[in-house]
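# Working through the structure, step by step
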Amino acid sequence: MSSIELSNKENNPAAVSSEAFPWLGLLALAMTGFICIMTETIPAGLLPQISRGLQISEAMAGQLVTVYAIGSLVAAIPVAIVTGGWRRRPLLLLAIAGFLVFNSITAFSSSYPVTLAARLFAGISAGVLWGMIGGYALRMVPSKLSGRGMAVAMVGTPIALAIGVPAGTFLGSLMGWRSVFGIMSALTVILIAWVLWKIPDYPGQSSDKKISVYGVLTTPGVIPILFVVLAWMTAHNILYTYIAPFLAANGLGGSVGTALAFFGFAALAGIWVTGMLIDRWLRKLVLISLAAFAVIAIVLGYSSNHSHTIYLMVTVWGLTFGGAATLLQTALARASGESKVDMVMPINTTVWNLAIAAGGTVGGVLLDKLGTGSFSWTLFILLFLALIIAWRAKKHAFPPK
């Protein structure tokens, strides 16, 4: 029996003996991811209201998203090192409570510097949580269902993107942007109660078994997977961040909401398919997703003013993206091994946020210098490199079985 399974047995023997699938516990993790994504992205849909409310420019209001990402980026690995020996549920609850505190401050603050600081610390909370969700999900399910458990735990992300953010933007237009952050705080209170009810506690790493960042990065298979994360997510964020100017350049400037709805609901379908097949087809799903996205990139480059083709490609793009986080985190967990999962997930969080920043930066330069027509081949090059790495890394990173 593995060390994690043994820990499960010691802390929750009934769950292990019956091998019952812990739906309610995993859905609590999914709600955690939902609140992370909502807290991160909702200001983007409320920039005019936030700008008027804090008496700042929309560009300054946009920095509320930027500092959140910075908090997630810089905190994930250092916090994981410092808290590696902590018991897992108290740490999980502390990070979730961060959202309650800092979203509440955002809801009531009339000071831009105070709001900016609250967003920074909310991002730090998110960095901690993203580093924990994957490892927690793997501890809660039998090893033969690890992929399905990860898929359920990650479903909060596409739900937030497909439903939560548009709903939050709509509510903000009706009730004001502060009310949206107040609702997020109320949801966090519910989540805390849910975690106390259905999430088991697990011990942290003992001091004599702590793993260094170097020890994780030198584990066979980890670096290739992280490269795929960086290339795939950079490509995705170039297109996702600048989808509005891309659609406008193709005669669909007024259809951004429609296109994102196609993307979001397809992403939900993608994570459902991933959950059904990941425990048998992880390698195939990664290769198919990367290859399909590469083809989409080329087709989009030749789809000027062909609205039906663009909608179809956006839908397939959402389908390939929906399971990406589940596939890559599961691959990392399997490659790193159970003893290193609590460190490899924060590293993944850091690389993921680097990709978000890279996508925004590279996409902005391409848009200013070359226009949206340059997106197609840039995406294709990144995805082709990721596909080659994933194809070749079949021994440790993406094994056939």
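Since the structure is predicted, the reported quantities are computational estimates derived from the model, not experimental observations.

### Here's the deal with the overall build of the protein chain
Counting its regular elements, the protein chain contains 18 helices and 0 strands. Relative to its length of 401 residues, the protein chain is compact, with a C-alpha radius of gyration of 20 Å against a globular reference of 21 Å. If one aligns the C-alpha atoms of the protein chain with their principal axes, the spans along those axes are about 60 × 50 × 35 Å. Here the protein chain, with 401 residues, has 54% of them falling under the buried criterion. Carbon together with sulfur atoms contributes 70% to the accessible area of the protein chain, which is approximately 16,700 Å² in total. The centroid of the 23 positive side-chain charges in the protein chain is displaced by 5 Å from the centroid of its 11 negative side-chain charges.

### Re the nonpolar core
In terms of nonpolar packing, the biggest core is built from 125 residues, with Leu-29 and Phe-398 touching the most fellow members. Of all the elements, helix 14 (residues 256-301) adds the most residues to this core, at 14 residues. Counting only domains with at least three residues in this core, you end up with domain 1 (21-205) and domain 2 (212-400). The contacts of Phe-398, once residues within four sequence positions are left out, are Ile-225, Val-228, Leu-282, Arg-283, Val-286, Leu-328, Ala-331, Ala-390 and Ala-393.

### Quick look at the packing of aromatic side chains
Here the structure, examined in full by the defined rule, presents 13 aromatic pairs. Seen from their ring centres, Phe-102 and Phe-121 are 5.5 Å apart, and the 20 degrees between their planes marks the pair as stacked. One end of the pair, Phe-102, is in helix 6 (residues 88-108); the other, Phe-121, is in helix 7 (residues 112-140), with 19 residues separating them in the sequence. By relative accessible area, Phe-102 is classed as buried at 19%. Judged by centre distance (5.6 Å) and plane angle (80 degrees), the rings of Trp-377 and Phe-380 are edge-to-face. Here the residue Trp-377 and the residue Phe-380 both occupy positions in helix 18 (residues 375-392), the gap between them amounting to 3 residues, near one helical turn. For Trp-377, a relative accessible area of 46% corresponds to the partly exposed category.

### Observations regarding the layout of surface pockets
Its volume calculated, the largest pocket comes out at about 1,500 Å³. Around the largest pocket, the lining is made up of 50 residues, and of these Glu-40, Thr-41, Leu-161, Asn-237 and Tyr-240 lie nearest the centre. Broken down by element, the residue count for the lining of the largest pocket peaks at 9 residues, all from helix 17 (residues 341-369). By residue class, the composition of the lining of the largest pocket is 31 nonpolar, 18 polar and 1 charged. Looking at the lining of the largest pocket, you find at least three residues from each of domain 1 (21-205) and domain 2 (212-400).

### Structural notes on empty space enclosed by the protein
Tallying each qualifying case throughout the model produces 1 cavity of 30 Å³ or more. In this model, the largest cavity occupies a volume close to 40 Å³. Here the lining of the largest cavity takes 5 residues from helix 7, the largest share from any one element. Classifying every residue of the lining of the largest cavity gives 3 nonpolar, 2 polar and 3 charged.

### Some points on the domain arrangement of the protein chain
Domain assignment breaks the protein chain into domain 1 (21-205) and domain 2 (212-400). Of note, the centres of domain 1 and domain 2, computed from C-alpha atoms alone, are 22 Å apart. Listed by partner, the interface residues are 31 residues for domain 1 and 30 residues for domain 2. Buried area between domain 1 and domain 2, both sides added, is near 2,500 Å², and the carbon and sulfur share of it is 67%. Joining domain 1 to domain 2, the criterion identifies 0 salt bridges. Applying the counting rule to domain 1 against domain 2 returns 3 residue pairs in polar contact (both at pLDDT 80 or more). Where the side of domain 1 that touches domain 2 is concerned, the elements lending two or more residues are helix 5 (58-82), helix 7, helix 8 (146-153) and helix 9 (156-175).

### Let's talk about the confidence of the model for the protein chain
Chain-level pLDDT for the protein chain is 86 on average; 94% of the residues reach the 70-or-more range. Predicted confidence is poor over residues 1-18, with pLDDT under 50, and the contacts of this stretch with residues over four places away or in other chains come to 23 contacts.

### Topic: helix 3 (residues 23-45)
End to end, helix 3 covers 32 Å across 23 residues, agreeing with the expected 33 Å (1.5 Å per residue, within 8%). If you look at helix 3, its biggest bend is around 35 degrees, right at Thr-39, and the proline Pro-43 turns up within four residues after that. In terms of burial, helix 3 is largely enclosed, as 17 of its 23 residues are buried.

### Topic: the packing of helix 3 against helix 6
Two elements in contact, helix 3 and helix 6, have axes whose closest approach is 12 Å; the angle formed by their N-to-C orientations is 35 degrees. Here helix 3 and helix 6 pass one another in a crossing that is left-handed. Within the contact between the two elements, helix 3 uses Leu-29, Thr-32, Ile-35, Cys-36 and Thr-39 and helix 6 uses Leu-92, Ile-96, Phe-99 and Asn-103. Here the contact of helix 3 with helix 6 is composed, by residue class, of 6 nonpolar, 3 polar and no charged.

### A look at a nonpolar patch on the surface
A surface patch of nonpolar side chains, about 440 Å² in accessible area, is lined by Trp-23, Leu-24, Leu-27 and Trp-197. Considering each element in turn, the nonpolar patch owes the most residues, 3 residues, to helix 3. Checked against the element boundaries, Trp-23 lands in helix 3. Since its relative accessible area comes to 48%, Trp-23 is described here as partly exposed.

Rules of the game
Residues numbered from 1 in each chain as written. Predicted model: local features only at pLDDT ≥ 70, side-chain atom pairs only at ≥ 80, totals over all residues. Heavy atoms only, no water. Helix = DSSP H or I, 4+ residues; strand = E, 2+ residues; numbered from the N terminus. Rg over C-alpha atoms; globule rule 2.2 N^0.38 Å. Buried < 20%, exposed > 50% of the residue type's maximum accessible area, 1.4 Å probe, protein only. Areas by Shrake-Rupley, 256 points an atom, 1.4 Å probe, with all protein chains shown as cover. Lys, Arg positive; Asp, Glu negative; His and termini not counted. Charge placed at Lys NZ, Arg CZ, Asp CG, Glu CD. Core = buried A, V, L, I, M, F, W, Y, C linked by side-chain atoms within 4.5 Å. Domains from an automatic or database assignment. Contact = heavy atoms within 4.5 Å. Phe/Tyr/Trp six-rings, centres within 6.5 Å; stacked < 30°, edge-to-face > 60°. 1 Å grid on protein atoms, 1.4 Å probe; cavity = no way out; pocket = protein on both sides within 12 Å on 5 of 7 lines; lining within 4 Å. Points joined across faces, edges and corners; volume = space filled by probe spheres on them. Nonpolar A, V, L, I, M, F, W, Y, C, P; charged D, E, K, R; others polar. Buried area = accessible area lost by both parts, 1.4 Å probe. Salt bridge = Lys/Arg side-chain N within 4 Å of Asp/Glu carboxyl O. Polar contact = N/O pair within 3.5 Å; in protein donor to acceptor, adjacent residues only side chain to side chain. pLDDT = per-residue confidence, 0-100. Expected span 1.5 Å × (residues − 1). Bend = angle between axes of the 7 residues up to and from the residue. Axes fitted to C-alpha atoms, helices over the stretch in contact; angles between N-to-C directions. Left-handed = near helix turned anticlockwise from the far one by under 90°. Patch = residues over 30% accessible without salt bridge, like charges linked within 9 Å, V, L, I, M, F, W, Y side chains within 5 Å.

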